[in-house]
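Topology and contacts: notes
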Amino acid sequence: MRPIKYGHGPKEAGNDLSYYTYLKDCRYQVRAHFEWNENRPELAGDRKEEKHHNIAKRMIKAGGRRDIFLGARECQGYVEPCKFGEGKGAYDDLPELSFGLMYHGLTYADEAYSPETRNAMTANFWYPVMEKGVLTFPRPDACPLHKHLRSMKMKPFGVEENNFIGLREFGEVN
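From a predicted model like this one, the values you see are computed outputs, not experimental measurements. One numbering rule holds for all chains: residues counted from 1, following each sequence as written. Note on the predicted model: pLDDT of at least 70 is required for a residue's local features to be given, and 80 or more for side-chain atom pairs to be given and counted; whole-chain, interface and lining totals, by contrast, use all residues. The basis for every side-chain value is the complete set of non-hydrogen atoms in the structure, without hydrogens or water.

1. Describing the overall build of the chain
To keep things clear, this is the line we draw: Per the convention used, a helix needs a DSSP run of H or I reaching at least four residues, while a strand needs a run of E reaching at least two, with both numbered from the N terminus. Relative accessibility thresholds used throughout: buried, under 20% of the residue-type maximum; exposed, over 50%; partly exposed, between the two (1.4 Å probe, protein chains only). By definition in these notes, contact holds between two residues if any of their heavy atoms fall within 4.5 Å. Each accessible area value is a Shrake-Rupley result obtained with a 1.4 Å probe; residue values ignore everything except the protein chains displayed when judging cover.
A count of helical and extended segments in the chain gives 1 helix and 9 strands. Reading the secondary structure of the chain in the N-to-C direction produces β-β-α-β-β-β-β-β-β-β. Every one of the 174 residues in the chain was classed for burial, and the buried ones make up 13%. When contacts within the chain are restricted to residue pairs at least 6 apart in sequence, long-range pairs at least 24 apart make up 45% of them. When the accessible surface of the chain is totalled, it reaches about 14600 Å², and 54% of it is carbon and sulfur.

Pasting the structure below:
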């Protein structure tokens, strides 16, 4: 990472190169499942679990779809296949570890789960508790705290005038 150097003279200020070790030899295992977006009936024909499962398997084998970061850009992670629950974890013998109030994620208008989240962007917060090394993420609607951030309309899907249509969108091509 390149932190800013502070100083009084021109040679003392600028950028510096630094190396930090946040975590060493750590591993996380993730178990996931599919949940179809019921707010998108126009995509019902694509709700084929085998198709999406095979896409996910190819993605994991290739190391993920994009780089992952564990809280900050300089904390890069790597993706590889694993069997969930295999191997000894550092927290397996700890009955419970609470993390306090934490940000869970955003709910966009097309992911609405209640009348309050329709036509809105909502931030969801929760109180995570790790039990014997396992942290189970709840669905957004199961989070105890929700904060309305702003109004937001659901973007039509598959309607050419409302979606990215290549360079025409930027006035490059007529």
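There is more to say, and it comes next.
2. Examining the sheet that holds strand β9 (residues 145–151)
Note the cut-off: In this analysis, strands are considered paired if DSSP registers two or more bridges between them. Note on geometry: axes are C-alpha line fits, over the in-contact stretch for helices, and angles between N-to-C directions span 0 to 180 degrees.
The sheet built from 3 strands is open, its strands ordered β6-β7-β9 with antiparallel pairing. Where the open sheet ends on each side, the last strands, each with one partner, are β6 (102–107) and β9. Ignoring which end each strand starts from, the neighbouring axes of this sheet average 20 degrees apart. Sheet analysis places β6 next to strand β7 (residues 120–126), joined by 5 bridges and oriented antiparallel. In the strand pairing of β7, Met102 is matched with Trp126.

3. A short note on unusual backbone geometry
Of note in this structure, Asn119 is not a glycine but carries a positive phi near 55 degrees. Secondary-structure assignment places Asn119 in the loop between β6 and β7. Even without being a glycine, Lys132 presents a positive backbone phi close to 50 degrees. Structurally, Lys132 is set in the loop between β8 (129–130) and β9.

4. Description of the pattern of salt bridges
This is how it is decided: Salt bridge, as used here: a side-chain nitrogen of Lys or Arg that lies within 4 Å of a carboxyl oxygen of Asp or Glu.
In the structure shown here, the tally under the stated rule is 8 salt bridges. Measuring nitrogen to oxygen at the nearest pair gives 3.4 Å for the salt bridge that ties Asp110 to Arg40. Here Asp110 is found in the loop between β6 and β7, whereas its partner Arg40 is found in the loop between β2 (14–15) and α1 (49–61), with 70 residues between them in sequence. Overall, Arg40 belongs to the buried group, its relative accessible area being 7%. Among the ionic pairs, Arg139 bridges to Asp141, the shortest N-O distance being 3.3 Å. Through salt bridges that share partners, Glu35, Arg139 and Asp141 make up one connected network.

5. Quick look at the packing of aromatic side chains
What counts, and what does not: Centres within 6.5 Å are what make two rings of Phe, Tyr or Trp a pair, Trp counting through its six-membered ring; a difference in plane orientation under 30 degrees is then read as stacked, over 60 as edge-to-face, and the rest as tilted.
Counted under the stated rule, the structure contains 3 aromatic pairs. Relative to Phe125, the ring of Tyr103 has its centre 6.0 Å away and its plane inclined at 70 degrees; by these criteria the two rings are edge-to-face. With Tyr103 in strand β6 and Phe125 in strand β7, the pair connects residues that are 22 residues apart, well separated along the chain. Under the relative-accessibility criterion, Phe125 is labelled partly exposed at 25%.

6. Some remarks on the environment of Glu131
Mapped onto the fold, Glu131 is located in the loop between β8 and β9. Take Glu131: its relative accessible area is 47%, and that puts it in the partly exposed class. With sequence-adjacent residues up to four places away left out, Glu131 is seen in contact with Leu94, Pro95 and Glu96.

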